[in-house]
Amino acid sequence: MIHPEFVFPKNQQLIFRGVSFRKSVLLNGILAVAILALSCATNFAQLTRAPRQANQTSQGPTQLGPGNPQSPSNAGQRVSPPAAPMTNGQQAPGAAKVSPAMSALSLEQAIALAIENNLATLLANERRNEARGIEKQALSQLLPNLSGSAFQASITENLAALGFTPGKFPGFTSTFIGPFKNFDARVRLQQTIFSLSALRNVQAGRAGVRAAELEESVAREQVAAATALAYLETMRADLSVSAAQANVTLAETLLKLARDQRDAGIATGVDVTRAETREAQEEVRLSQAQSDSEEARLQLQRIVGLPLGSPFTLTDPLRFAVETLPAIETAVATAEDNRSEVRVAQAEVAVNDYQKRAARAEQLPSLEFLGDYGVSGITPLTSALPTRTYAVQLNVPIFNGGLTRGRIQVASSRENQAELQLASIRGQVEEDVRLAYARLSTSAETVRAADLLVTLAERELEMSRDRFRAGVGDNIELVTAQVALANARLDQVTALALYNAARLNLAAALGRAQAFRW
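Here is what the cut-offs are and how they apply
Residues numbered from 1 in each chain as written. Predicted model: local features only at pLDDT ≥ 70, side-chain atom pairs only at ≥ 80, totals over all residues. Heavy atoms only, no water. Helix = DSSP H or I, 4+ residues; strand = E, 2+ residues; numbered from the N terminus. Buried < 20%, exposed > 50% of the residue type's maximum accessible area, 1.4 Å probe, protein only. Contact = heavy atoms within 4.5 Å. Polar contact = N/O pair within 3.5 Å; in protein donor to acceptor, adjacent residues only side chain to side chain. Pairing = 2+ DSSP bridges. Axes fitted to C-alpha atoms, helices over the stretch in contact; angles between N-to-C directions. Core = buried A, V, L, I, M, F, W, Y, C linked by side-chain atoms within 4.5 Å. Salt bridge = Lys/Arg side-chain N within 4 Å of Asp/Glu carboxyl O. Phe/Tyr/Trp six-rings, centres within 6.5 Å; stacked < 30°, edge-to-face > 60°. Lys NZ or Arg CZ within 6 Å of the ring centre and 35° of its normal. Parallel < 35°, antiparallel > 145°, perpendicular 65-115°, else oblique. Left-handed = near helix turned anticlockwise from the far one by under 90°. Nonpolar A, V, L, I, M, F, W, Y, C, P; charged D, E, K, R; others polar. Expected span 1.5 Å × (residues − 1).

> Mind laying out the overall build of the protein, listing which residues take part and the relevant values?
A count of helical and extended segments in the protein gives ten helices and eight strands. Burial analysis of the protein (518 residues in total) assigns 46% to the buried set. A separation threshold of at least 6 residues defines the contact pool for the protein, and within that pool the share at least 24 residues apart is 82%.

> Just give me the short version of the environment of T234, but keep the residues and values in it.
Along the chain, T234 falls in helix α5 (residues 196-263). The exposure class of T234 is buried, given its relative accessible area of 0%. Within the structure, the side chain of T234 is placed 2.8 Å from the backbone oxygen of A230, a separation counted as a polar contact.

> Give me the lowdown on the pairing of strand β8 (residues 385-395), citing residues and values where you can.
Burial analysis of β8 places just zero of its eleven residues in the buried class, which makes it a mostly uncovered element. Relative to β8, strand β7 (residues 366-377) runs antiparallel, the two being bridged by eleven bridges. Across the sheet, the residue bridging to S376 is L385, located in β8.

> How would you sum up the sheet that holds strand β5 (residues 176-194)? Please name residues and give values.
Spatially, β4-β5-β7-β8 is the arrangement adopted by the four strands of the open sheet, whose pairing is antiparallel. Pairing within the sheet leaves two strands with one partner each, and these edge strands are β4 (145-158) and β8. In this sheet, neighbouring strand axes are inclined to one another by 20° on average, regardless of whether the strands run parallel or antiparallel. Here eleven bridges tie β5 to β7, and the two strands are oriented antiparallel to one another. For D184, the partnering residue across the bridge sits in β7 and is S376.

> Give a description of the nonpolar core that names residues and reports values.
Ranked by internal contacts, the top residues of the largest apolar core, which has 32 residues, are L105, Y231, L232 and L300. Elements represented by at least two residues in this core include exactly α3 (107-117), α5, α6 (269-304) and α10 (476-509). In terms of residues, this core owes the most to one element, α5, which gives nine residues. Grouped together as the second largest cluster of nonpolar side chains are 24 residues, V349, L422, Y437 and L510 included.

> How would you summarise the pattern of salt bridges if you had to cite specific residues and measurements?
Overall, the coordinates contain 22 salt bridges when judged by the stated rule. Put simply, E216 and R128 hold a salt bridge, and the shortest N to O gap is 2.6 Å. Taken together, the positions of E216 in helix α5 and R128 in helix α4 (residues 119-139) put the pair 88 residues apart, joining distant regions of the chain. Given a relative accessible area of 13%, R128 falls into the buried group. Note that R407 and E362 form a salt bridge whose closest N and O atoms lie 2.9 Å from each other. Taken together, the positions of R407 in helix α9 (residues 403-469) and E362 in the loop between α8 (340-361) and β7 put the pair 45 residues apart, joining distant regions of the chain. Side by side, R407 and E362 carry an identical accessibility label, which is buried. Sharing partners across several salt bridges, the network here consists of D184, R186 and D372.

> Please give an account of the packing of aromatic side chains that cites residues and values.
All chains considered together, the criterion is met by one aromatic pair. Taking the ring centre of F312 as reference, the NZ or CZ of R297 above it sits at 4.7 Å.

> Got a sec to walk through the packing of α8 against α9? Specific residues and values, please.
Between α8 and α9, the least distance of the axes is 8 Å, while the angle of their chain directions is 165°. The orientation of α8 with respect to α9, classified from their angle, is roughly antiparallel. In this structure, α8 meets α9 at a crossing whose hand is left-handed. Of the residues assigned to the contact of α8 with α9, the class counts are ten nonpolar, five polar and ten charged.

> I'd like to hear about the pairing of β5, residue by residue, with values.
Of the strand pairs in this sheet, β4 and β5 are connected by 13 bridges, and their pairing is antiparallel. Directly across from F151, in β5, lies its bridge partner D184.

> Tell me about α10, and please be specific about residues and values.
With 34 residues, α10 extends 49 Å between its outermost C-alpha atoms, agreeing within 8% with the 50 Å of an ideal straight helix rising 1.5 Å per residue. Taken across its 34 residues, α10 has 31 buried, putting it largely inside the fold. Of the residues trailing α10, G511 is marked for its positive phi of about 80°.

> Tell me what's going on with unusual backbone geometry, and back it up with residues and numbers.
In the segment running from G178 into P179, the intervening peptide bond is cis, with an omega of 0°. The topology assignment puts P179 in strand β5.

Shown next as structure tokens:
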């Protein structure tokens, strides 16, 4: 399983024991080691920071429908998505759809496939459809309601049950009458003329649709960030395989050198055994790197919706590109404008405000028109005559047991919660931007230090090889330099991945994860 954080390979101690180093080179190497260790520790602590859950735990469900909590239109409830970018430990769910296999995959294609196939975006789309249905339910209170009915009945009656008993009324000798037939067919119309509460519910429904659309944008951003992170992890794993393969090739070359030196009588069997041990260690590291690469590829395929196990190549390179950043205050303002989480929180405030106003409007009178038209008689063909009824009805609420007051209190509390949530999300967005800036600056220095380490380790290895070939000593310092170079190569890959993860963090913090490219 791929983790969004980047785990540093084991045994990354960098040792410089080349006795022929000049003093200045050695001091530069020690300084580079210190910079790399400090930078990597800082980035690792930041990237493995626990995901923020404040928004998820504090946000209560928000109703989109009319004010009546018992009505079917209040069945759909939403919870606002978290504000933090999805690059700090959170993961997107797997894909719910699978697309045909692809031989080459770019980051742009991966993000497009993930948005199309991933469960998070598909569920967000369905929640938007649900919100539109809730809006239609609220709108139905303001639109005409037409219904029709028809019946043909055979009826008997007991007049005693109605108070017509023999002796009380002249002419009644039997209280049982019938059977007789009755027919009626008519169309009924009910139309709200004025209801402020229903109008506010419609406005709340429309605001709910807007909130659901913004939540879909949040889901798309989070899926894009998670896809880019999985793509980055796959690139890092592939580079680790390349570095491990280079280390194996180097180990084989140095083993051949040790055997040649032994055959020439300059080295001993211990030198050959030591080189053979190192070669075996590099083979193990290569096997581990290949396993990690396969795991990363499966995770990427699971997120974007490609057939698991199908072969593909990544077309986007992992490179070090320094970007010119705007002032941090400008970036914070841009993030507040672009981040859908902020706009979702604002939409939630609007939804709850309309629901509160709808609850208050339930205390006001409402006016509606009632009417029906049809024919009635004994049968459809016997004595059937057209009949009709129409009326204008005024409904005046007087007392409903405190139900309306309870609804007002619930709606007011939800509005307050939404406003608090909005303030918290704005603070979270600013924190995300500032942290992303700090990570990007630190990780850039890490890449430079890692590049310097590789250069120094290669120089140390060359010097140690020359000393061993000249027969000055055994190959202990040569193997030490070999270990240093192997670790420096892995450090270089990790530092480059950390830097690009910091770039992705910044893009997600600014609300631009979908447009992010390496």
